[in-house]
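# Fold and geometry: a report
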Amino acid sequence: MAGEAAQELRADTDRAARVASLRPLFAPRAVAVVGASRDPASIGGRIVRNLVDHGFAGQVYPINPRASAIGNLRCYSKVSEAPPPIDLAVIAVPHGAVLDAVADCASAGIRALIVISAGFAECGADGRALQTQLLDLVRRNGMRMVGPNCLGLINADPTVRLNASFAPVFPPAGNIAMSSQSGALGIAVLSAAHRFGLGLSSFVSVGNKADISSNDLLEYWEQDSRTEVILLYLESFGNPRRFARIARRVGRSKPIVALKSGRSRAGGRAAGSHTAALAANETAVDALFHQSGVIRAESLEELFDVASVLSKQPLPGGMRVGIVTNAGGPGILAADACEAHGLTVPPFSADLQSRLAQFLPRAAGLTNPVDMIAAATPDQFAQTIAAVADSGEIDALIVEFVAVGIARPDEVLAAIQRGRAEAATTKPFPIVACFMTGDGHVQPGANIESPIPVFEFPEAAARALGRIATYSAWQRQPLGTVPPIASACPDAREFIRGVLSERGPGWLGAAEARRLLTIAGLAVPPGGLARDESEAVALAERIGYPVAAKLASRTIVHKSDIGGVRLNLADAASVRSAFRDIAAAAAKSAIPDAFDGILVQPMVRDAVEVVAGMTHDRQFGPLLMFGLGGVHVEILGDVVFRITPLTDRDAAEMIRSIRGYRLLQGYRGHPRCDIAALEDLLLRLSGMVEGVPEIAEMDLNPVMAMADGRGCFIADVRVRITEV
């Protein structure tokens with residue numbers, strides 16, 4: 001325990017040092033602009049103008065050896081000639097001049113850089129080499145750098161007002177921080193901030209991420225009191241495992257919403273296992289976000305929608321949504337959308353309906369959704385909202401207004417706020433509004449001052465609430481832990497290294513695979529590999545009849561397709577016959593090395609076949625799969641993936657996330673399966689693949705899930721190993 005405490009203290013100290021190293025970027029006392037220009041259309045000219053025009057609280061020093069002044073600012077030929085102290089330098093010179101500029105900044109004692117200049121890793125081998133030199137120079141001098149090839153950085157704090165970018169707009173101040181890997185998209189975000197009612201604490205365009213990445217910024221914003229919501233636009237992950245660790249910690253206090261591009265790239269590849277074939281390109285990203293509590297937005301619009309609610313409203317305490325509307329059709333659409341996004345729209349109690357009936361017209365619909373009819377007044381909106389809020393029957397509220405009566409949008413928006421304020425309950429819950437005003441625009445509420453997020457259509461409101469409610473449920477649950485049984489297995493790695501040294505990479509034989517599983521503490525059935533008929537009979541008699549016989553092959557995946565499986569073998573004669581038939585079927589397949597013998601195992605009844613497996617993603621590491629097994633894995637594809645190492649919570653959630661979980665719970669008279677044994681299997685599998693990086697692919701299919709208390713065992717396994 002003392003060692004763990006010391007390790008934790010070191011991690012906290014390192015994190016504090018990293019956060020401190022970023023502060024000169026966000027709140028510099030003075031900024032030098034290297035490449036400043038009198039041309040207002042140039043990048044350097046725009047950066048100087050943005051710093052001045054947007055009211056930067058510190059000093060601005062243009063650096064241009066061919067100019068004496070830019071506007072009212074004196075120019076300096078070098079950074080080292082400008083008056084200290086200068087905390088931040090923004091570099092906007094041709095890429096060939098960047099190294100000299102950075103060296104000059106280092107001699108002046110500057111500790112923070114924003115390199116706007118392009119022409120680095122994004123431009124091929126020569127650019128990558130130049131970027132390596134740049135990063136080496138930065139790190140040798142103890143500096144931190146945003147970029148290169150970036151838009152810049154903005155801190156909207158009214159006491160700082162730093163626009164160290166060439167973005168044409170300055171966003172309203174607020175509680176949202178954003179990192180973007182795309183400068184062009186960053187400009188779009190900043191331009192849309194006013195329209196979506198988003199206020200930013202800061203914005204960083206990370207560009208090529210040579211030094212400072214989204215991971216560093218997450219740690220900074222975790223400590224930033226002005227930041228309550230974090231948005232990320234990602235095109236790639238530098239260190240996804242570090243991202244997962246940081247995001248899981250940050251997400252416990254501040255929601256992270258990410259838009260990850262590249263979802264449509266082909267992710268399939270030729271694979272020798274079900275696991276690898278099913279692990280498409282974005283599977284690892286989805287698993288990482290899910291395990292880390294990151295809210296994944298599917299579009300830029302959804303990113304803004306979710307951010308708008310998170311920045312203005314509390315998190316819901318559950319999945320129940322109330323809908324209040326003055327038009328029946330939109331209310332139905334909202335209910336459908338809520339259900340589609342994992343929310344529930346429960347019918348209201350008789351007590352609540354009775355209370356609503358006291359002030360709503362007879363024609364009103366009093367269950368959920370509450371249809372107040374078209375003539376609903378602002379006062380009725382307020383009364384209904386207060387009554388529903390006080391009922392304790394909802395965790396979130398959608399209020400719809402269709403401009404069909406005499407009420408005006410601004411009156412209804414004020415009524416929504418009044419109704420929430422007049423409710424006796426102090427329980428926090430989010431309220432979002434949907435205003436269909438007929439002019440194609442969200443008129444009220446689309447500004448930073450409005451506390452109520454306003455949407456144009458009910459589907460967008462429900463989608464945003466669904467994302468947030470799922471995140472809130474993740475946040476309320478305790479973090480899982482990696483139990484001792486999921487620890488790395490050095491004996492397994494020693495065994496695999498021995499196999500590699502003996503015959504090199506490839507698929508393990510049946511006996512080798514069983515040996516590996518046994519070392520790792522994974523359950524294999526009695527029996528084993530038989531290379532001739534006599535061995536097969538001896539194994540069968542030791543196990544006890546009836547038995548199953550199946551082809552043992554390193555090259556054939558689908559054994560049943562070629563007649564490589566025989567079941568319910570009741571005596572020695574049937575075992576001998578099965579051996580001959582399976583050997584003949586393998587020979588007929590004309591696949592090289594198709595026959596290694598047969599596996600003889602006991603017959604199992606009243607078990608559910610599941611599958612577990614692993615494939616190695618070159619960026620994310622081991623990716624574990626669980627789902628329904630046997631032939632179902634291909635037909636139904638009812639599987640889930642998670643990134644290792646698995647926590648106990650991950651393992652439990654994987655099993656309960658598949659659609660076929662009801663089969664494991666006991667279905668129509670079948671006994672409940674041993675769920676604890678399956679969780680144990682997944683955790684042991686996680687520990688093994690974490691500790692043995694030489695395992696490239698693995699399929700445990702089928703895994704026989706027995707009745708509760710009887711455990712599970714792995715009926716068949718394929719393992720591919722490689723050098724690392």
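Structure's up top.
Quick caveat, the model's predicted, so the values are computed rather than measured. (Residues numbered from 1 in each chain as written. Predicted model: local features only at pLDDT ≥ 70, side-chain atom pairs only at ≥ 80, totals over all residues. Heavy atoms only, no water.)

### Thoughts on the pattern of salt bridges
Summed over the entire model, instances satisfying the criterion amount to 38 salt bridges. Across the pair Arg355 and Asp390 runs a salt bridge whose closest N-O atoms are separated by 3.8 Å. Taken together, the residues Arg355 in helix α12 (residues 350-357) and Asp390 in helix α13 (residues 378-391) connect sequence positions 35 residues apart. Residue Arg355 is classed as partly exposed on the basis of its relative accessible area of 36%. For Asp390, a relative accessible area of 25% puts it in the partly exposed group. Residue Asp379 pairs with Arg418 through a salt bridge whose shortest N-O separation is 2.8 Å. (Salt bridge = Lys/Arg side-chain N within 4 Å of Asp/Glu carboxyl O. Helix = DSSP H or I, 4+ residues; strand = E, 2+ residues; numbered from the N terminus. Buried < 20%, exposed > 50% of the residue type's maximum accessible area, 1.4 Å probe, protein only.)

### Points about the pairing of strand β6 (residues 112-115)
Neither face of β6 is open: one carries Ala112 and Ile114, the other Leu113 and Val115, and all of them are buried. Sheet topology places strand β5 (residues 88-91) next to β6; 4 bridges connect them, and they run parallel. The residue of β6 that forms the bridge with Ile91 is Val115. Read as a crossover between parallel neighbours, the route from β5 over helix α3 (residues 98-107) to β6 is right-handed. For the segment spanning β6, helix α4 (residues 125-140) and strand β7 (residues 144-146), crossover handedness is right-handed. (Pairing = 2+ DSSP bridges. Right-handed = clockwise from strand over helix to strand, strands pointing away.)

### Regarding the layout of surface pockets
When its volume is computed, the largest pocket comes out at roughly 1400 Å³. Among the elements of the structure, α1 (2-26), α7 (240-250), α9 (283-292) and α21 (648-657) are those that each provide at least two residues to the lining of the largest pocket. Broken down by element, the lining of the largest pocket gets its largest block of residues, 9 residues, from α1. In the lining of the largest pocket, the residues fall into 9 nonpolar, 8 polar and 16 charged. (1 Å grid on protein atoms, 1.4 Å probe; cavity = no way out; pocket = protein on both sides within 12 Å on 5 of 7 lines; lining within 4 Å. Points joined across faces, edges and corners; volume = space filled by probe spheres on them. Nonpolar A, V, L, I, M, F, W, Y, C, P; charged D, E, K, R; others polar.)

### A short note on helix α2 (residues 43-53)
Along α2, the residues that are buried comprise Gly44, Gly45, Ile47, Val48, Asn50 and Leu51. Its buried side turned inward, α2 meets β1 (30-34), β2 (59-63), β3 (69-70), β4 (73-74), β5 and β9 (162-165). A positive phi of about 80° marks Gly55, the residue just after α2. (Contact = heavy atoms within 4.5 Å.)

### What to know about the packing of aromatic side chains
For the structure shown, the criterion picks out 10 aromatic pairs. Seen in terms of ring centroids, Tyr471 and Trp474 are 6.1 Å apart; in terms of plane orientation they differ by 25°. Their pairing is stacked. Taken as a pair, Tyr471 and Trp474 lie in helix α15 (residues 458-476) at a separation of 3 residues, close to a single helical turn. Given a relative accessible area of 2%, Tyr471 falls into the buried group. (Phe/Tyr/Trp six-rings, centres within 6.5 Å; stacked < 30°, edge-to-face > 60°.)

### Considering the sheet that holds strand β16 (residues 370-371)
The strands that make up a sheet are held in pairs by hydrogen bonds between backbone atoms, and each pair lies either parallel or antiparallel. Taken in spatial order, the 5 strands of this open sheet run β16-β15-β17-β18-β19, and their pairing is parallel. Edge positions in the sheet fall to β16 and β19 (454-455), since each of these pairs with one other strand and no more. In terms of strand pairing, strand β17 (residues 396-402) meets strand β18 (residues 431-436) through 6 bridges, oriented parallel. From the neighbouring strand, Glu400 faces β18, where its bridge partner is Cys434. The strands touched by α13 are β15 (321-325), β16, β17 and β18; relative to β17, the strand with the most contacts, the crossing angle is about 165°. (Axes fitted to C-alpha atoms, helices over the stretch in contact; angles between N-to-C directions.)

### Side note on the sheet that holds strand β23 (residues 565-569)
Strand order in this open sheet of 4 strands is β21-β24-β22-β23, and the pairing throughout is antiparallel. Lying at the two open borders of the sheet, with one neighbouring strand each, are β21 (528-530) and β23. Here the average twist between neighbouring strands, direction ignored, is 30°. Bridge count between strand β22 (residues 547-552) and strand β24 (residues 597-602): 6 bridges; the pairing is antiparallel. Its bridge partner lying in β24, Leu551 is registered against Ile598.

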